[in-house]
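An overview of the molecular structure
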Amino acid sequence: RPPLCVSAPFCCAHGGREGSLWRMRPLVAAAIPSPCCRCGAPVALVALPARHASLSSQFAPIFALGLVGEDDVSAAAELLVDSFFTPLQTEDAGPATPLTSAESAMREERRRLTARGLEWRLGSRLQAPTPALALDSSLLLALTHVQTGEMVATAELSLRPRDGRLPAEFAVPPLFLLHSAGLAPYLCNLAVRRGFRRRRIARRLLSSCERLVSSEWQQSELYLHVDLLNQAAAALYRSEGYEPLPGFDRAAAASSIALPGRPRALNRYHVKRLPPAPPAAEAGAPPAAELGAPPAAE
């Protein structure tokens, strides 16, 4: 057991609870090492089952794909806050402007809220991570750098009503929404850490999500929201065959929130009809070099 973490009040290596000790959990598969986002203590993503080896192999040997468990929540929250809740800057803008004390406090509170929201939505899946379809929890995939163990990307899958609304931080579990407008797979929190973008990681992770929904969940469509002001994201989803559903714009706008330092998002609901998942033997892995160095464009 490592010692108590004193460097961070909310540490992923200690189950996300201040002052608690390392609590080992039974892993459903091999563990992928990754350092805590703050104190550096060891944590472990849970590898996907062997039947989904093709999803992981497309990132090897540079990155490893796994499922987020209870020890990894804080690292995931840190990545999401850095991606979505910090002042918007371009990739070529140089070093980020240092945050003021007020901005730092706001960011820390946002991180805590994001972590609590993840704990709420992932629910029992945190103790026993599995890619199986569930009515009581979301699924969070994460990508780590094999050499450094740094978490570099995430993607969240869940079942949500086909109503065009953005799920809240503490969204009602789909189990209690069976009476609504029909449930369908929904993707959110697809994020890539700064410094790892423009390497086709987002495209590969999106493909992994689609194949998991098709093969594991046996579903034929995937929904998501796209901020039309984010031109790179909009271009990615358009090129991957996602169809806009402007008829849901009013519902999307009503459920959007304004983020400090960013223009109000112009979210639009999209859907993609998924082809049947190919057999594992046919799912080839891309050359590792594609993920190791940024191409000219995503």
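Residues numbered from 1 in each chain as written. Predicted model: local features only at pLDDT ≥ 70, side-chain atom pairs only at ≥ 80, totals over all residues. Heavy atoms only, no water.

**A closer look at the pairing of strand β6 (residues 183-192)**
- Counted residue by residue, β6 has nine buried out of ten residues, so it is predominantly covered.
- When strand β5 (residues 151-161) meets β6, the two strands line up antiparallel, connected through eight bridges. Counterpart to Leu159 in the pairing with β6 is Pro185.
- One ladder, built from two bridges, connects β6 with strand β7 (residues 221-227); its direction is parallel. Paired with Tyr186 across the strands is Tyr223, a residue of β7.
- The parallel pair β6 and β7, bridged by helix α4 (residues 201-215), forms a crossover whose chirality is right-handed. (Buried < 20%, exposed > 50% of the residue type's maximum accessible area, 1.4 Å probe, protein only. Helix = DSSP H or I, 4+ residues; strand = E, 2+ residues; numbered from the N terminus. Pairing = 2+ DSSP bridges. Right-handed = clockwise from strand over helix to strand, strands pointing away.)

**Brief notes about the packing of helix α2 (residues 73-84) against helix α3 (residues 101-122)**
- Look at α2 against α3: their axes get within 8 Å of each other, and the N-to-C directions meet at 125°. Classified by the angle between their axes, α2 and α3 sit oblique to one another. Two packed elements cross with a definite hand, and for α2 against α3 that hand is right-handed. Residues Val73, Ser74, Ala76, Ala77, Glu78, Leu80, Val81 and Asp82 of α2 form the contact with α3, whose own contacting residues are Arg107, Arg110, Arg111, Thr114, Ala115, Leu118 and Glu119.
- Broken down by class, the residue content of the contact of α2 with α3 amounts to seven nonpolar, two polar and six charged. (Axes fitted to C-alpha atoms, helices over the stretch in contact; angles between N-to-C directions. Parallel < 35°, antiparallel > 145°, perpendicular 65-115°, else oblique. Left-handed = near helix turned anticlockwise from the far one by under 90°. Contact = heavy atoms within 4.5 Å. Nonpolar A, V, L, I, M, F, W, Y, C, P; charged D, E, K, R; others polar.)

**Focus: the packing of aromatic side chains**
- Enumeration according to the criterion identifies five aromatic pairs in this entry.
- Where Phe63 meets Phe196, the ring centres are 6.1 Å apart and the plane angle is 70°; that geometry is what we call edge-to-face. Taken together, the positions of Phe63 in strand β3 (residues 63-67) and Phe196 in the loop between β6 and α4 put the pair 133 residues apart, joining distant regions of the chain.
- By relative accessible area, Phe196 is classed as buried at 11%.
- Measuring from ring centre to ring centre gives 5.2 Å for Tyr223 and Tyr269, while their planes differ by 25°; the resulting arrangement is stacked. Linking Tyr223 in strand β7 with Tyr269 in strand β9 (residues 267-273), this pair joins segments that are 46 residues apart in sequence.
- For Tyr269, a relative accessible area of 2% puts it in the buried group.
- Here a set of aromatic residues connected by ring pairs shows up, and it is made of Tyr223, Phe248 and Tyr269. (Phe/Tyr/Trp six-rings, centres within 6.5 Å; stacked < 30°, edge-to-face > 60°.)

**A closer look at the confidence of the model for the protein chain**
- Confidence in the prediction for the protein chain averages 79 pLDDT; 72% of positions are at 70 or higher.
- Per-residue pLDDT stays below 50 along residues 88-93; that stretch engages in seven contacts with residues further than four places along the chain or on separate chains.
- Here residues 280-290 is modelled with pLDDT under 50, and outside its nearest four sequence neighbours on either side it reaches 13 contacts, counting other chains as well. (pLDDT = per-residue confidence, 0-100.)

**Notes on the pattern of salt bridges**
- Per the counting criterion, the structure on display carries 18 salt bridges.
- For Arg107, the salt bridge goes to Asp82, with nearest N and O atoms at 3.9 Å. Of this pair, Arg107 sits in helix α3 while Asp82 sits in helix α2; the two residues are 25 residues apart in sequence, bridging distant segments of the chain. For the pair Arg107 and Asp82, one class covers both residues: buried.
- Put simply, Arg112 and Glu108 hold a salt bridge, and the shortest N to O gap is 3.5 Å. Residue Arg112 and its partner Glu108 are both found in helix α3; the two are separated by four residues, about one turn of the helix. (Salt bridge = Lys/Arg side-chain N within 4 Å of Asp/Glu carboxyl O.)

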